[in-house]
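Secondary and tertiary structure notes
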Amino acid sequence: MSLTETLLRPLRASSAKPLVTHYDDAAGTRVELSVATTANWAAKTANWLVEEHDVEPGTPVAVRLPAHWQTAGVLLGAWWAGAHVVADGPAAVTFVAPGESASGLTAAVSLDPMGRDLGGSSGGVIDFVGEARLFGDDYFGAPVPGSTPALAGLTVDEVLARAAGLAPGSRVLSTREWTVPDGVLAALVAPLLAGGSVVQVSNPARLDAHRGAERTTVDLV
């Protein structure tokens, strides 16, 4: 079973439950993704990676993105396809923020709070949101063995072991950058593995207000 299936399958019975909430206090934005919406973005990503770029279990995919709800879709989609998420280096695809560059095949993720795309691919950089939204809302891929590399050299089984420990149902307030692997493990994988959810805050300025409004139970700040 892939890492994403392990994380999402127990949650999908409560498909409307908030799973990833992202605040940008500088921009004054809040976006909340339910379990179902997160799974749809992950499926679109997985289908795009497999059908367009031949990603299979163990294929390196580089993710150089900030903590953001779109990043959650990219990571979960990559793992659903069995990809090995790395920070940099040779990869089938490298995901970057708008305006950044990378060697090899590069996909820019808009990071728009409402999910808008970049208006089209240009200069050899793929408009990821514009392309991926055309793909299916569910993913039916081959099994991914637990021994498959999943995150910066850690296998699926090792990621699950390292991320364990949060109380069941934890709602985590995080300002942690989603660095590969430590930030991703702590701020995304661990809450989902616990059957919980994450409230990720960029440019934090109103943490006390977010704690109260979101009823968080764990701080990762």
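We now turn to the structure provided with this report.

Conventions used here
- Residues numbered from 1 in each chain as written.
- Predicted model: local features only at pLDDT ≥ 70, side-chain atom pairs only at ≥ 80, totals over all residues.
- Heavy atoms only, no water.
- 1 Å grid on protein atoms, 1.4 Å probe; cavity = no way out; pocket = protein on both sides within 12 Å on 5 of 7 lines; lining within 4 Å.
- Points joined across faces, edges and corners; volume = space filled by probe spheres on them.
- Helix = DSSP H or I, 4+ residues; strand = E, 2+ residues; numbered from the N terminus.
- Pairing = 2+ DSSP bridges.
- Axes fitted to C-alpha atoms, helices over the stretch in contact; angles between N-to-C directions.
- Contact = heavy atoms within 4.5 Å.
- Buried < 20%, exposed > 50% of the residue type's maximum accessible area, 1.4 Å probe, protein only.
- Arc of directions from axis to C-beta.

One pass over the full model with this rule turns up one cavity of 30 Å³ or more. Reported here for the largest cavity is a volume of approximately 30 Å³. As for the largest cavity, its lining consists of W41, T45, W69, Q70, G73, V74, F128 and V129. Contributing elements (two or more residues each) for the lining of the largest cavity: α2 (35–53), α3 (69–80) and α4 (128–132). At four residues, the largest contribution of residues to the lining of the largest cavity is made by α3.

Ordered in space as β2-β1-β11-β10-β12, the five strands form an open sheet in which the pairing is mixed. Edge strands, defined here as strands with exactly one partner in the open sheet, are β2 (29–34) and β12 (218–220). Across the sheet, the axes of successive neighbouring strands diverge by a mean angle of 15°, strand direction being ignored. Two strands pair when backbone bridges link them, and strand β10 (residues 171–174) and strand β11 (residues 197–202) are joined in this way by four bridges, in the parallel orientation. Bridging across to β11, L173 finds its partner in V199. Each of β1 (18–24) and β2 touches α2; the most contacted strand, β2, lies at about 85° to it. Of the strands in this sheet, β1, β2, β10, β11 and β12 are in contact with helix α7 (residues 207–214), which crosses β10 at around 165°.

This brings us to the pairing of β1. Along a regular strand, successive side chains alternate from one face of the sheet to the other. Taking burial as the measure, the seven residues of β1 include six buried ones, the bulk of the element. In this antiparallel pair of consecutive strands, β1 and β2, the connection spans four residues, and G28 shows a positive phi of 75°. One ladder, built from five bridges, connects β1 with β11; its direction is parallel. Paired with D24 across the two strands is S202, which belongs to β11.

Let's shift gears to α7. Three or more residues of α7 are buried, namely L207, H210 and E214. Buried residues of α7, seen end-on, are gathered within an arc of 60° and therefore sit on one face of the element. Looking at α7, the residues exposed on the side facing more than 90 degrees away from the buried face are D208, G212 and A213. In this structure, the buried side of α7 is in contact with β1, β2, β10 and β11. Following α7 by one or two positions, R215 has its phi on the positive side, about 55°.

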